[in-house]
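# Breakdown of the fold
The chain contents come next:
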Amino acid sequence: MAKTTILSLLSLGMLACSAPQTETACRVEQLLDKMTLTEKIGQMAQLTIEPFVIADGTGGFTLDTALLREAVVEYGVGSLLNVPLSESQPAEVWGPFIGELQRIATDETRLGIPLIYGVDQVHGGTYSLGSTLFPQQIALVATWNPAHARRMGEITAYEMRACNIPWNFAPILDLGADPRFPRQYEGFGEDPYLGSVLGRELVKGQEGDDNDVNHPEHVATCLKHFLGYSVPASGKDRTPANIPWNALMEYHLPAFREALDAGAHSVMVNSGIIDNEPVHASRRILTGLLRDELGFAGVVVTDYEDLEKLHARDRLAATSKDAICLGINAGIDMAMIPIDYRGFCRDLCSLAEEGAVPMKRIDEAVRRILKLKFELGLFERPNTLPADYPRYGCKEHRQASYAAAAEAITLLKNDGGLLSLDPAAGRKILVCGPNAQSRRALCGGWTVTWQGHGIERHPELCKTLAEALGERFGRRNVEVIPGVSYDAHESRYDTERRDRFDEAAEAARRADVVVLCLGENSYCEKPGDLNDLALDPLQTELAERIAATGKPVVLVLSEGRPRLISKFSAKIPAIVQSYLPGPQGADAVADVLTGKVNPSGKLPYTYPAFPNSLAVYYHKYADEQRNTDATYKYEGDYNPEFVFGHGLSYTAFAYSGAKLTHEGDEIVIKADITNTGDRAGQEVVQLYSRDLYASLIPDVKRLRRFEKIALKPGQTRTVEFRITKEDLAFYNLENERIAEPGEFLFEIGASSADIRATLPFKL
Ligand code: BGC
C-alpha cells in the first residue's frame, strides 16, 4: 500500500495499528492527531544543553530544572545536543543526566514524548570520558580498509548507548577536495568513491546491517553536511562556494547517496553558501534533490544556529522570522536553534497560523521526528543504562583504535631505507618539534572539548610521541627537546614559540637520528581557518636547522590537513604521515618507526607542494599541459609533493598478469600481486579508469575500485575487480548521468601515479 494511502487511512481512523510495517506509522499518526501546534513546533526545536546546567565549582554540575521545565514542558522542546560544561563526561554522569531530562519529558509533559539527544561523537567518544577515541576520519580512510570504519562505528554506537545517547552527528561525508579547509580531517579525503565505501561502513557499523536503531547497541547516524560544504572559494569555513550542479552531483553527492542507500536515519545541512544561496534556504537541494530525487524519508536537522544566519549573516531574510520561514519551507524538519528557542517557537507558530508555513509542512516535519523517536525505541525505553555496557572503553576497543591507527600511518618517503630503526642498535635519538609532547596534535578537534585542548588535561588517555619513542628506544637513548612549542591556548591553535630552539639544533649534532615531529595543533571549524597553507614558519625554520646538521632525519607529520613542506622536504630522507591518529597514535607511529608494524596506509588526498597548485588527482586534462620549451617553460597544475593513493611499505609488491575480460554486462579486471620482499606486508591495489575523449572534458582518471590485501613474503594473490558501464558515467551539462561510448584505459597500480598495468577498453 502506498505510504500516502496508509497515512490517509490512519488519519481517518480506518486502519488498526497491527501490521508491523505500519505500526510505527500508525503510532506516529495517532500521536500527531493529539498534538497542539505548540507541541508540534516544540518537537522541531533543538537546544544546546549548556544554558541548562550550573557548574558547581568542583568540576561537577547540576541541572537548572526550572529553566529546563520551561523549555521542555511549557514549549514542548523535543531535542537537545552537546555536552554539559562543554567538556567530555563519563558514562556514569551522562546516563543519569539524560535520564533526568527524559524523566521530565516523559512524566511532566502532556503527551510524554521522550527527548532525542544528539552529540558529535565523530571519532569515537568525543564527549564521553573514558570511552574509546579513534583516529579522525582522515586517518581512518588512509587505512583503505573498510573494516576499520565498520568497527569504529560499532564501538562508537555501543559506547554512546552506554552514555544514554541515541543520536550521533556523524559520519562526515564532505568531500575533502580543498586542503585549506579546516574540516578536512573530519572527512574521508578527496575521492568520491573511496569516501562512499568507508561512509557506508561507518553508517552500518552504527545503525547495524538492518538499520534497527531500536537495538540497544545501535544509534541513529546523521550524515553531514548536506551538500557541498567543504570547498568554499576562500578555503575558509562557512564562506561562499561556487559549485556547478553537475560537479555537485559528480563529486559531492556520491558518498551521501551511498550512505542514504545504507539507510542512514538523518541528515544535517551544510552551513555554507553555494552560488549565493545558503544551503539552509535551498529548496532545490533540501527538497528537490534530497526528498524528491533521492527519496530520503528521515529527519533533516539544521547546523548550529543556521536558520538565524539566513538573516544575520546572509541577509536573505530581513527578520529572524522570515529566516525561519525560508528554511522550514525549504525542507528543514528540526532547527538546531540552539539558544533563543522562545523566539523560534513564537515565530514558527505565527508563521503556521498565518499560513506562510503550511500546516502540511509542519506535520511532515513532526511526523519524521516522531518516527525517528519511535524507531530508536525511545517511547518504550527512553534510557539505556551505563551498567549494561561493561565493554565501555575496554582494552579490546582501544585495541581496535590502535589497529586502525597502525594501518593508517603512511610512509611517504624512505630514502636509502633509513626506516625502520632497530631499537637494538642502541642509536642516540633526538625527538623534537612541537608535536613530540602534544596530545592535542595527535587527536585533533572534537576530543574531550570542541577544539581538542581538553585532552591535555587527561594524560592517562593518550601517550605522546616522545613517551612512546622513549619506551621503544630506551629513555637513556632518547633526548627530547621541543625546539618549537605551541602556546597552551584553548581557542587559538596557531600560536607557536621558540622553545630551546638552538639547543635542539645542537642536540641534533650529538644524535645518530632525529625524529622531527611537526604539523598542527588541534582546532575545529572556523577557529582552524588558515591564511597560509605552508607549515608554520618557526617549524619550517626548525626543520631547516635540523636538516642542516646533516644527520638523518625522520619527519613525523601529525596534522589535520597537508601543510606545505616543500621548502625543506628534499633534505629529509624519511617522511611519515600520521594524520590525526588518536590516543593510540603514538604507539602506532613508534611501532612503524621500529618496524614492528609494516606501514600500509595510503594518502587519501593529494599532498600539495605549492600554494597555487592545489589540484585534486582527478583534475582535468587541461591542468596537465606541460611545455618543455626551454624559453617558456611551464608545468601543469598537478605537481604535488605526494600523489593521491601514495604510500610505501618495508616490503615490495610486483604486479603481473593483468587482464580484462567480459562477463555479461560486467567488465572483469584481474591482476596477480606478489610480495617480492622479505617481510609480510599489506598492499592497496587501486583500479583507475581514464576516459580518453568525452563531450565534457573528462577527469584525467578516477578511482573505481580498490582492495587491501595481506601477503607473506613470496606469496601471490589474484585481485579481481568487477565494474559496469554505469561506473564510467558522468554528469553532463543537462545534469544527466551518461555513459558515453568511446575509448577508456583501465590502470592498476599502487597509487594514482604508480601504475603497473594499463588495459584498453572500448565502450
Ligand atoms: C558543526 C556540526 C556539528 C554541530 C553540533 C556545528 O558547529 O558544524 O558539524 O554537528 O555544530 O555540534
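Going by the structure above, here's the rest.
Residues numbered from 1 in each chain as written. Predicted model: local features only at pLDDT ≥ 70, side-chain atom pairs only at ≥ 80, totals over all residues. Heavy atoms only, no water.

Looking only at helices and strands, the chain features 20 helices and 31 strands. At 27 Å, the chain has a C-alpha radius of gyration in line with the 27 Å of a compact globule built from 763 residues. Taken over the C-alpha atoms alone, the chain extends approximately 80 × 70 × 50 Å along its principal axes. Within the chain, the fraction of its 763 residues that count as buried is 62%. With the model as given, the accessible surface of the chain reaches about 27,500 Å², and the carbon-plus-sulfur share is 50%. (Helix = DSSP H or I, 4+ residues; strand = E, 2+ residues; numbered from the N terminus. Rg over C-alpha atoms; globule rule 2.2 N^0.38 Å. Buried < 20%, exposed > 50% of the residue type's maximum accessible area, 1.4 Å probe, protein only. Areas by Shrake-Rupley, 256 points an atom, 1.4 Å probe, with all protein chains shown as cover.)

Asp120, Arg183, His225, Arg238 and Asp303 are the nearest of the 14 residues found near the ligand. Interatomic distance of 2.7 Å between a side-chain N/O atom of arginine 238 and an oxygen atom of the ligand. Side-chain polar atom of glutamate 525 to an oxygen atom of the ligand: 2.7 Å apart, as the coordinates give it. Of the residues in the shell around the ligand, the class split is 6 nonpolar, 2 polar and 6 charged. (Near = heavy atom within 4 Å. Polar contact = N/O pair within 3.5 Å; in protein donor to acceptor, adjacent residues only side chain to side chain. Nonpolar A, V, L, I, M, F, W, Y, C, P; charged D, E, K, R; others polar.)

Glancing now at the packing of aromatic side chains. Centre-to-centre distance and the angle between the planes together describe a pair of aromatic rings. Summed over all chains, the structure comprises 22 aromatic pairs. Here the aromatic rings of tyrosine 193 and phenylalanine 706 are separated by 6.0 Å at their centres, their planes lie at 75°, and the arrangement is edge-to-face. Of the two residues, tyrosine 193 is situated in helix 8 (residues 192–207) and phenylalanine 706 in strand 26 (residues 702–711); the sequence distance between them amounts to 513 residues. Relative accessible area serves as the criterion here: at 11%, phenylalanine 706 is assigned to the buried category. Here the aromatic rings of tyrosine 617 and phenylalanine 644 are separated by 4.3 Å at their centres, their planes lie at 15°, and the arrangement is stacked. One end of the pair, tyrosine 617, is in the loop between helix 20 (585–594) and strand 23 (653–663); the other, phenylalanine 644, is in the loop between helix 20 and strand 23, with 27 residues separating them in the sequence. Exposure remark for tyrosine 617: the relative accessible area of 2% places this residue in the buried category. Residue classification places phenylalanine 644 among the buried residues on the basis of a relative accessible area of 0%. Through successive ring pairs, a cluster of aromatic residues spans Trp144, Tyr193, Tyr251, Tyr617, Tyr618, Phe644, Tyr688 and Phe706. Residue placement shows lysine 224 over the ring face of tryptophan 446; its charged tip is 5.5 Å from the ring centre. A cation over an aromatic ring shows up here: arginine 391 above the ring of tyrosine 158, its NZ or CZ 4.4 Å from the ring centre. (Phe/Tyr/Trp six-rings, centres within 6.5 Å; stacked < 30°, edge-to-face > 60°. Lys NZ or Arg CZ within 6 Å of the ring centre and 35° of its normal.)

Right, let's talk about the pairing of strand 1 (residues 45–48) for a bit. Of the two faces of strand 1, the one lined by Ala45 and Leu47 and the one lined by Gln46 and Thr48 are each fully buried. Across 2 bridges, the pairing between strand 1 and strand 14 (residues 335–336) is parallel. Residue pairing across strands places glutamine 46 opposite methionine 336, the latter belonging to strand 14. Here 3 bridges tie strand 1 to strand 4 (residues 79–81), and the two strands are oriented parallel to one another. Looking across to strand 4, one finds that leucine 47 is bridged to leucine 80. (Pairing = 2+ DSSP bridges.)

Turning our attention to the nonpolar core. Trp94, Phe97, Tyr117, Phe226, Phe344 and Leu348 are the most contacted members of the largest nonpolar core, which totals 182 residues. Judged by nonpolar contacts, the second largest core, of 37 residues, contains Ile429, Val448, Cys462 and Val597. (Core = buried A, V, L, I, M, F, W, Y, C linked by side-chain atoms within 4.5 Å.)

For any two helices packed against each other, one specifies the crossing angle of their axes together with the interaxial distance. Orientation of helix 15 (residues 395–408) relative to helix 20, taken along the N-to-C sense of each, is 45°, at an axis distance of 8 Å. In this view, helix 15 runs oblique relative to helix 20, as classed from their interaxial angle. Seen from above, helix 15 lies across helix 20 with right-handed handedness. Here Tyr402, Ala405 and Ala406 of helix 15 lie close against helix 20, whose contacting residues are Gly585, Asp587, Ala588, Asp591 and Val592. (Axes fitted to C-alpha atoms, helices over the stretch in contact; angles between N-to-C directions. Parallel < 35°, antiparallel > 145°, perpendicular 65-115°, else oblique. Left-handed = near helix turned anticlockwise from the far one by under 90°. Contact = heavy atoms within 4.5 Å.)

In space, the 3 strands of this open sheet follow the order 23-24-27, with antiparallel pairing throughout. Of all the strands in the sheet, just strand 23 and strand 27 (716–723) have a single pairing partner and so form its edges. Strand-to-strand twist across the sheet, computed as the mean angle between neighbouring axes with direction ignored, equals 20°. Across 9 bridges, the pairing between strand 23 and strand 24 (residues 666–675) is antiparallel.

This paragraph deals with the pattern of salt bridges. Inspection of the entire model under this criterion finds 63 salt bridges. In this structure, the salt-bridge partner of glutamate 380 is arginine 27, at a minimum N-O distance of 2.8 Å. Placement of glutamate 380 in the loop between helix 14 (359–375) and helix 15 and of arginine 27 in helix 2 (residues 20–34) is noted, with a sequence separation of 353 residues between them. Taking the relative accessible area as the measure of exposure, arginine 27 reaches 27% and is therefore partly exposed. Arginine 472 is the salt-bridge partner of glutamate 471, the closest N and O atoms lying 3.5 Å from each other. (Salt bridge = Lys/Arg side-chain N within 4 Å of Asp/Glu carboxyl O.)

With that out of the way, let us pick up the sheet that holds strand 10 (residues 266–269). If you trace the 8 strands from one edge of the open sheet to the other, you get 13-10-9-8-6-4-1-14, paired in parallel fashion. Only two strands of the sheet have a single neighbouring strand rather than two, namely strand 13 (299–301) and strand 14. Taken strand by strand, helix 5 (residues 91–108) contacts strand 4 and strand 6 (116–119), and its axis lies near 140° from that of strand 6. Here helix 10 (residues 283–293) sits on the sheet in contact with strand 9 (220–226), strand 10 and strand 13, set at roughly 130° to strand 9.

Once that is clear, we can look at the state of the cysteines. Taken as a whole and judged by the stated rule, the model has 0 disulfides. In this model cysteine 443 remains outside any disulfide bridge; the closest cysteine sulfur is found in cysteine 462, 3.9 Å from its own. Taking the relative accessible area as the measure of exposure, cysteine 443 reaches 0% and is therefore buried. In this model cysteine 524 remains outside any disulfide bridge; the closest cysteine sulfur is found in cysteine 443, 13 Å from its own. (Disulfide = S-S within 2.5 Å.)

Before going further, it helps to spend a moment on the environment of isoleucine 49. Relative to the elements of secondary structure, isoleucine 49 occurs in the loop between strand 1 and strand 2 (53–55). For isoleucine 49, a relative accessible area of 0% corresponds to the buried category. Along the backbone, isoleucine 49 and leucine 81 are 32 residues apart, and their C-alpha atoms lie at a distance of 6.0 Å. Once you skip the residues sitting within four places of it in the chain, isoleucine 49 turns out to touch Leu80, Leu81, Asn82, Val83, Pro84, Phe97, Leu101 and Tyr117.

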